[in-house]
Structure formats: C-alpha cells, structure tokens
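# Observations on the model geometry
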Amino acid sequence: MKITIESLEFPLDVKDKITKIPKISKLNTIFINGKNIHFDKTNLSIKEPHKIMISNESSCLILLSYDEDNNLYLKDSLEIISLSRLSDLVLKMIKN
C-alpha cells in the first residue's frame, strides 16, 4: 500500500500568539509542522496535528494545534489550554 505524506504549514496566527507570551523567550520553544497522511487508492487519511514544544532544563510541555481550530491542547490529556493558562504555565516553568 502506498502512502502519501504532505507537510502542512504551521499557522502563523498561532505562532504569533505564542511568541507574544511574556518571558517565553527564556524557554526553548520549537514549532513542528503537522502532516496530512493519505493512503493511496482508499478514502482514508490522517491529519497529524502541529506540535509546540516548550521546555527548560527540567520539564517539557507539548501542545497540539489542529488546522481550523483555534484551541491548543495538552498532548497527554487533550485538555484545552487557553493563552492565559499557557502564560501561567510558562511563568511556572521559568521559576523552576
């Protein structure tokens, strides 16, 4: 079975919102593009979400961002994270 993988472009509006969070520049932030995986000769495809990895020396926070969805989700729990909550988490990571 042949598989086609298409890389999706990371949404600039999400990237801008995250980079504008105060003091986030003190942490290591990586933006990873999502993928569209299509199984040829079928009607099946999978959309892998974009990933945002925010880390310091002791911890790592992984967020998921889906196309056409303005919410951010925690990877392990799929809990919706607002920008204000993300700001609080960033401040806690800086203090640690």
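Provided above is the structure to which this section pertains.
Every value quoted in this text rests on a predicted model; they were computed, and no experiment measured them. (Residues numbered from 1 in each chain as written. Predicted model: local features only at pLDDT ≥ 70, side-chain atom pairs only at ≥ 80, totals over all residues. Heavy atoms only, no water.)

## Side note on helix α2 (residues 83-95)
The end-to-end C-alpha separation of α2 is 18 Å, in line with the 18 Å expected for 13 residues at 1.5 Å each. Here α2 has its buried residues at L86, L89, V90 and M93. Looking straight down α2, one finds that the buried residues subtend no more than 105 degrees of arc, so they occupy a single side. Projecting away from the buried face of α2 at angles above 90 degrees are the exposed residues S84, K92 and K95. Buried residues in α2 make contact with α1 (12-19), β5 (50-55), β6 (60-65), β7 (72-74) and β8 (80-81). (Helix = DSSP H or I, 4+ residues; strand = E, 2+ residues; numbered from the N terminus. Expected span 1.5 Å × (residues − 1). Buried < 20%, exposed > 50% of the residue type's maximum accessible area, 1.4 Å probe, protein only. Arc of directions from axis to C-beta. Contact = heavy atoms within 4.5 Å.)

## As for the environment of L64
Relative to the helices and strands, L64 resides in strand β6. A sequence separation of 15 residues divides L64 from E79, and the C-alpha atoms of the two residues are 10.0 Å apart. Ignoring sequence-local partners within four residues, the contact set of L64 consists of P49, H50, K51, N71, L72, Y73, K75 and L78.

## Remarks on the nonpolar core
I18, I52, I54, L61, L63, L72 and L86 are the most contacted members of the largest nonpolar core, which has 17 residues in total. Elements supplying a minimum of two residues to this core: α1, β5, β6, β7 and α2. For this core, the leading source of residues is α2, giving 4 residues. (Core = buried A, V, L, I, M, F, W, Y, C linked by side-chain atoms within 4.5 Å.)

## Brief notes about the pattern of salt bridges
Scanning the model with the defined rule gives 2 salt bridges in all. One salt bridge connects K51 with E48, and the closest N-O pair in it is separated by 3.3 Å. Residue class for K51 comes out partly exposed when judged on its relative accessible area of 23%. For E48, a relative accessible area of 25% gives the class partly exposed. As a salt-bridge pair, R85 and E79 come within 2.6 Å of each other at their nearest N and O atoms. Among the residues examined, R85 registers a relative accessible area of 34% and is labelled partly exposed. (Salt bridge = Lys/Arg side-chain N within 4 Å of Asp/Glu carboxyl O.)

## A few points about the packing of aromatic side chains
Given two aromatic rings, their pairing is described by the distance between the two centres and the angle made by the two planes. Scanning the model with the defined rule gives 2 aromatic pairs in all. Considering the side-chain rings of F10 and F31, the 5.2 Å spacing of their centres and the 70 degrees angle between planes classify their relative orientation as edge-to-face. Of this pair, F10 sits in the loop between β1 (3-7) and α1 while F31 is found in strand β2 (residues 28-32), placing the two residues 21 residues apart along the sequence. Ring geometry for Y66 versus Y73: centroids 5.7 Å apart, planes at 75 degrees, classification edge-to-face. Here Y73 falls in the buried class, since its relative accessible area comes to 14%. (Phe/Tyr/Trp six-rings, centres within 6.5 Å; stacked < 30°, edge-to-face > 60°.)

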